[in-house]
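# Understanding the architecture of this molecule
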Amino acid sequence: MAYDLILLRHGQSDWNQKNLFTGWVDVQLTEAGRAEAARGGELLVENNLLPDVVHTSLLQRAITTAHLALETADRLWIEVKRDWRLNERHYGALQGKNKTEIREEYGEEQFMTWRRSYDTPPPEINDDDPYSQAGDPRYADLGDAAPKTECLKDVVERFIPYYETEVIGDLKAGKTVLLAAHGNSLRALVKYLDGISDEDIAGLNIPTGIPLHYRLDENFKPTNPGGTYLDPEAAKEAIQAVANQGKK
Ligand SMILES: O=C(O)[C@@H](CO)OP(=O)(O)O
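Since the structure is predicted, the reported quantities are computational estimates derived from the model, not experimental observations. (Residues numbered from 1 in each chain as written. Predicted model: local features only at pLDDT ≥ 70, side-chain atom pairs only at ≥ 80, totals over all residues.)

### A word on unusual backbone geometry
Inclusion rule: Strands are runs of DSSP state E lasting at least two residues, helices are runs of H or I lasting at least four, and both sets are numbered from the N terminus onward. The burial label depends on the number of other C-beta atoms within 10 Å of a residue's C-beta. Counts of 20 or more mean buried, 12 or fewer mean exposed, and intermediate counts mean partly exposed, with C-beta atoms placed from the backbone.
For Asn48, which is not glycine, the phi torsion reads 55° and is therefore positive. Following the sequence through the fold, Asn48 ends up in the loop between helix H2 (31-46) and strand E2 (53-56). Overall, Asn48 belongs to the exposed group, with 8 C-beta atoms counted inside 10 Å. Positive phi values are uncommon outside glycine, yet Phe220 reaches one of about 65°. Mapped onto the elements of the fold, Phe220 is located in the loop between strand E5 (212-216) and strand E6 (228-229).

Right, here's the structure in full:
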């Protein structure tokens, strides 16, 4: 038995374009991001990878990306599951800040520690910060457990239990799963799927809008380690662009 899992980072968002730390701030896709999402849907069709169920975060850039990709693939009718545990990493007090300015103010080492270290979160965001999620009704059930900052380790700890129950549950039922999420929440999942070390995950970046296909064996281990981007050439270029963010 083999299983098909497709990971899709949302298309370019307004704040990707503006070079701002985003995290849980609910920004929209740009026109380019919407086009990337539709192209993602075409790639699913071209590769005969038609999802039976879609899992998304609670953030509109992932929700809209999934919607546009599924519209293009004529699969808008499939079952939808949304959960905060697929959300982007909460970027704490950095949310809304310009990446280049933070790099210049704090230096390359601190910038990269906040951005890519496994277990050092940025400072917590204050509840009265304009980019705080305090009081956002979609997180009301979380109460005091709602994060005010997260490192990648925190994302692994919330996302993987969801993956192991909800996503593997759907795969076991024979469904092709589309998982529409975010740069860092997908890095958490790829770390787990490919057994990447805490150190090496710092160097892994995920491009926007290009489906990443994992074929899993009966033990849910990848038969294609690292996954397969459905547009490998575009992925190569876009991965470098993510790595270079914050540099002038
Ligand atoms: O700002 C963010 O939330 C993420 C994803 O866009 O950025 P980075 O790649 O710097 O972790």
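From this point, the narrative continues.
### Some remarks on the UniProt feature "active site" (unreviewed entry) in the protein
The following threshold applies: UniProt positions are given in the numbering used here, feature names are shortened, and annotations may be inferred rather than shown by experiment. We call two residues in contact whenever the C-beta atoms placed from their backbones are within 7 Å.
Here the UniProt-annotated "active site" (unreviewed entry) positions come out as His10 and Glu88. The greatest C-alpha distance among the residues just named is 10.4 Å, despite their covering 79 residues of sequence, which places them together in space. On the basis of neighbour counts, which here come to 32 C-beta atoms within 10 Å, the residue His10 falls in the buried class. In this structure, His10 is in contact with Leu29, Gly33, Arg61, Ala62, Thr65, Ala180, His182 and Thr208, ignoring residues within four places of it in sequence. Leaving out residues up to four positions away in the same chain, Glu88 has contacts with Thr22, Gly23, Trp24, Ser57, Leu59, His182, Gly183, Asn184 and Ser185.

### Brief notes about helix H3 (residues 60-72)
Turn by turn, an α-helix covers 3.6 residues, leaving residues three or four places apart pointing in a common direction. Filter applied, for reference: A helix is expected to reach a length of 1.5 Å times the quantity of its residues less one.
With 13 residues, H3 ought to run about 18 Å at 1.5 Å a step, and its terminal C-alpha atoms sit 18 Å apart, in line with that. Of the positions making up H3, those classed as buried are Arg61, Ala62, Thr64, Thr65, Ala66, Leu68, Ala69 and Leu70. Looking at the buried residues of H3, the elements they touch are strand E1 (3-9), H2, E2 and strand E4 (177-181). Two residues or fewer past H3, Asp74 is found with a positive phi of approximately 55°.

### Let's talk about the environment of Ala146
Along the chain, Ala146 falls in the loop between helix H5 (108-116) and helix H6 (152-172). Distance in space between the C-alpha atoms of Ala146 and Pro122 is 16 Å, their sequence separation being 24 residues. Excluding residues within four positions of it along the chain, Ala146 makes contact with Gln133 and Tyr139.

### Points about the packing of H6 against helix H7 (residues 183-194)
Rule in force here: Each axis is a line fitted through C-alpha atoms, taken for helices only over the stretch in contact, and angles between the N-to-C directions span 0 to 180 degrees. Oblique is the label for every angle not falling under 35 degrees (roughly parallel), over 145 degrees (roughly antiparallel), or within 65 to 115 degrees (roughly perpendicular). Two helices that cross are described as forming a left-handed crossing if the nearer one is turned anticlockwise from the farther one by less than a right angle, and a right-handed crossing if clockwise. The residue classification treats Ala, Val, Leu, Ile, Met, Phe, Trp, Tyr, Cys and Pro as nonpolar and Asp, Glu, Lys and Arg as charged. All others, Gly included, are polar.
Contact geometry of H6 with H7 gives a least axis separation of 9 Å together with a crossing angle of 70°. One element, H6, and the other, H7, form an angle in the roughly perpendicular class. The two elements H6 and H7 cross, and the hand of that crossing is right-handed. The residues of H7 that touch H6, namely those facing Leu152, Val155, Val156, Phe159, Ile160 and Tyr163, are Asn184, Ser185, Arg187, Ala188, Leu189, Lys191 and Tyr192. Looking at the contact of H6 with H7 residue by residue, the class counts come to 9 nonpolar, 2 polar and 2 charged.

### What to know about the site of the ligand
The criterion, for reference: To decide whether a residue is near a molecule or strand, its C-beta atom is placed from the backbone and checked for lying within 6 Å of it.
The full set of residues close to the ligand is Asn16, Phe21, Thr22, Gly23, Glu88, Tyr91, Arg115, Gly183, Asn184, Val242 and Gln245. Tallied by class, residues from the shell around the ligand come to 3 nonpolar, 6 polar and 2 charged.

### Observations concerning the sheet that holds E2
Adjacent strands of a sheet form backbone hydrogen bonds with each other and so pair up, either parallel or antiparallel. Note the cut-off: Two strands pair if DSSP finds at least two bridges between them.
Pairing within the open sheet is mixed, and its 6 strands lie in the order E3-E2-E4-E1-E5-E6. Lying at the two open borders of the sheet, with one neighbouring strand each, are strand E3 (79-82) and E6. Note that E2 and E4 share 4 bridges and pair parallel. If you follow Val53 over to E4, its bridge partner there is Val177. Packed onto the sheet, H7 meets E1, E4 and E5 and runs at close to 150° relative to E1.

### A look at the packing of helix H4 (residues 99-106) against H5
Their axes nearest at 6 Å, the elements H4 and H5 cross at an angle of 130°. The pairing of H4 with H5 is recorded here as oblique in orientation. Facing Ile102, Arg103 and Tyr106 of H4, the residues of H5 in contact are Glu108, Gln110 and Phe111. The residue makeup of the contact of H4 with H5, split by class, is 3 nonpolar, 1 polar and 2 charged.

### Digging into the pairing of E5
Put simply, side chains in a regular strand alternate between the two faces of the sheet. Across 5 bridges, the pairing between E1 and E5 is antiparallel. Bridging from a neighbouring strand, Tyr3 pairs with Leu216 of E5. One ladder, built from 2 bridges, connects E5 with E6; its direction is antiparallel. Bridging across to E6, His213 finds its partner in Thr228.

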